[in-house]
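Each chain, written out:
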Amino acid sequence: MVKKMNKSGFIQELKNKTKLTNENCIIVNDILEDNFIIGKNNKESLINMIKEKLYISETEAENIYEIAINIIVEEIKYKIKHPFKSKD
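What you see is a predicted model; the values in this text were computed from it and never measured. (Residues numbered from 1 in each chain as written. Predicted model: local features only at pLDDT ≥ 70, side-chain atom pairs only at ≥ 80, totals over all residues. Heavy atoms only, no water.)

Draft legend 1. Geometry of the pattern of salt bridges. All chains considered together, the criterion is met by seven salt bridges. Note that lysine 17 and glutamate 13 form a salt bridge whose closest N and O atoms lie 3.5 Å from each other. Note that lysine 17 and glutamate 13 are positioned in helix H1 (residues 7-17) at a spacing of four residues, about one turn of the helix. Residue classification places lysine 17 among the partly exposed residues on the basis of a relative accessible area of 37%. As a salt-bridge pair, lysine 43 and glutamate 66 come within 3.1 Å of each other at their nearest N and O atoms. Note that lysine 43 is positioned in helix H3 (residues 40-54) and glutamate 66 in helix H4 (residues 58-81), a separation of 23 residues in sequence. Judged by its relative accessible area of 23%, lysine 43 is partly exposed. (Salt bridge = Lys/Arg side-chain N within 4 Å of Asp/Glu carboxyl O. Helix = DSSP H or I, 4+ residues; strand = E, 2+ residues; numbered from the N terminus. Buried < 20%, exposed > 50% of the residue type's maximum accessible area, 1.4 Å probe, protein only.)

Encoded structure:
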């Protein structure tokens, strides 16, 4: 089972699902933490921030964004389905 998701858990999961270094995963995490992630305008803004900070293409930044959002959504779904159950 996957351990309960927290900042370091998110960074590790993002690292496992992408080819990013730990440092780049921390940058992506910081971008997502510092910005409201819901909304089309915010999505484009976040993708641009990821692209600029990691010096990658728009397509790569969008893929990283989608993977990060999927990790967050999976965690939220788990917590809704199992509010009192730990993943430990």
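Draft legend 2. Quick look at the packing of H1 against helix H2 (residues 22-34). Taken N-terminus to C-terminus, the directions of H1 and H2 make an angle of 125°; their axes are 9 Å apart at the nearest point. It follows from the interaxial angle that H1 and H2 lie oblique. Handedness of the H1/H2 crossing: right-handed. Here H1 contributes Lys7, Phe10, Ile11, Leu14 and Lys15 to the contact with H2, which in turn contributes Asn22, Cys25, Ile26, Val28, Asn29, Asp30, Leu32 and Glu33. Looking at the contact of H1 with H2 residue by residue, the class counts come to seven nonpolar, two polar and four charged. (Axes fitted to C-alpha atoms, helices over the stretch in contact; angles between N-to-C directions. Parallel < 35°, antiparallel > 145°, perpendicular 65-115°, else oblique. Left-handed = near helix turned anticlockwise from the far one by under 90°. Contact = heavy atoms within 4.5 Å. Nonpolar A, V, L, I, M, F, W, Y, C, P; charged D, E, K, R; others polar.)

Draft legend 3. View of the side chain of asparagine 29. Secondary-structure assignment places asparagine 29 in helix H2. In this structure, asparagine 29 is in contact with Lys7, Phe10 and Ile11, ignoring residues within four places of it in sequence.

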